[in-house]
Each structure stands twice: as structure tokens, then as C-alpha cells.
Amino acid sequence: MSFASIRIVTDDLDGLVAFYERVTGQQAERPAPVFAQFSGPGAHLAIASTATVAMLGGALVPATNRSVFIEFEVADVDRDFADLQLGSQDVVLEPTTMPWGNRSALVRDPDGNVVNLFSRPAADRAQDDRTSGPPQLAH
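None of these values were measured; they are calculated from a predicted model. (Residues numbered from 1 in each chain as written. Predicted model: local features only at pLDDT ≥ 70, side-chain atom pairs only at ≥ 80, totals over all residues. Heavy atoms only, no water.)

### Concerning the nonpolar core
Of all hydrophobic cores here, the largest spans 22 residues; its most connected members are Tyr-20, Phe-72 and Val-115. Counting residues per element, this core draws most heavily on helix H1 (residues 13–24), at six residues. (Core = buried A, V, L, I, M, F, W, Y, C linked by side-chain atoms within 4.5 Å. Buried < 20%, exposed > 50% of the residue type's maximum accessible area, 1.4 Å probe, protein only. Helix = DSSP H or I, 4+ residues; strand = E, 2+ residues; numbered from the N terminus.)

### Considerations on the environment of Pro-95
Checked against the element boundaries, Pro-95 lands in strand S6 (residues 91–97). Here Pro-95 falls in the buried class, since its relative accessible area comes to 17%. C-alpha of Pro-95 to C-alpha of Leu-106: the two residues are 11 residues apart in sequence and 7.6 Å apart in space. Sequence-distant contacts of Pro-95, defined by excluding residues within four places in its chain, comprise Val-77, Asp-78, Phe-81, Arg-103, Ser-104 and Ala-105. (Contact = heavy atoms within 4.5 Å.)

### Looking at the environment of Thr-64
Tracing the backbone through its elements, the reader meets Thr-64 in the loop between strand S4 (43–49) and strand S5 (69–73). Note: C-alpha distance between Thr-64 and Asn-113 (49 residues apart in sequence) is 8.0 Å. Separated by 2.7 Å, the side chain of Thr-64 and the backbone oxygen of Val-61 make a polar contact. (Polar contact = N/O pair within 3.5 Å; in protein donor to acceptor, adjacent residues only side chain to side chain.)

### Some words on the side chain of Ser-104
Its place among the elements puts Ser-104 in strand S7 (residues 103–108). Separated by 3.3 Å, the side chains of Ser-104 and Asn-116 make a polar contact.

Next comes the structure, spelled out in C-alpha cells:
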């Protein structure tokens with residue numbers, strides 16, 4: 001089995017796509033008007049209109065997530081956080097060094113999903129460069 005993607009279902013496809021284009025710094029792939037995808041090493045983020053899940057009878061409800069983080073490892077949390085120019089209502093946690101050493105900023109996307117922009121301590125990044133193992137997962 002291989003992990004394929006995380007998909008966010010939304011009533012505001014264009015708004016969410018614009019937000020994640022700013023977060024990722026890349027333009028979304030738009031194979032259909034009701035679907036967009038961001039591809040990167042190790043994972044894909046898909047965003048779909050509620051029209052794509054209409055046959056599921058309300059099993060997925062947009063803008064109701066309160067249990068999942070969407071995480072992006074970035075080189076400079078403080079710079080990327082500042083570049084987003086979010087209102088205070090969209091900031092969950094300003095850039096902070098966590099007890100385990102990561103630097104994180106938590107923000108909300110237009111649907112209210114929590115997005116973690118994080119960077120690992122320089123020593124951890126250097127260790128990953130010297131080994132072929134997977135990166136640490138504690139964010």
C-alpha cells in the first residue's frame with residue numbers, strides 16, 4: 001500500500017486553492033473545475049468541491065474539521081507566517097519553539113482547518129542529510 005493524499009472537501013474551492021497556493025508557493029493542478037491538487041515529495045493535498053461527493057449523502061461536511069492538522073515543513077517559519085498576512089482570527093499559534101525543538105506556527109485555512117507550518121531544529125535537519133532514513137514525525 002502507498003499513501004496517496006489528503007483530500008479536503010469544501011464549498012469554497014477557489015478560496016481554499018488560493019490559500020494553499022500561498023502556503024505552498026506553487027500553483028495547483030486543476031484537472032477539472034471541481035478539483036485541485038498540490039503534489040510534493042511524499043504527499044499530495046487534494047481539494048474538491050462538495051459536488052464530487054454528493055453521492056455520499058452528507059457523509060462529508062465542509063468546514064467541520066477539529067481533529068486533523070495539515071502540516072508543511074518549511075525552511076523559515078517566521079518568514080512564511082509573516083508572508084501569509086493573516087488576520088488574528090486565523091492565527092491559532094504564532095511562531096513558537098516547541099518543547100521538542102521544532103518551530104511551529106498554527107493557522108486556519110478559509111474552511112477553519114488547522115495548518116501547521118513547522119521547521120525542525122538545524123541539528124535534526126543535518127542528521128537527516130547524513131542518513132537515508134525517514135525524517136522525524138514529531139511536529
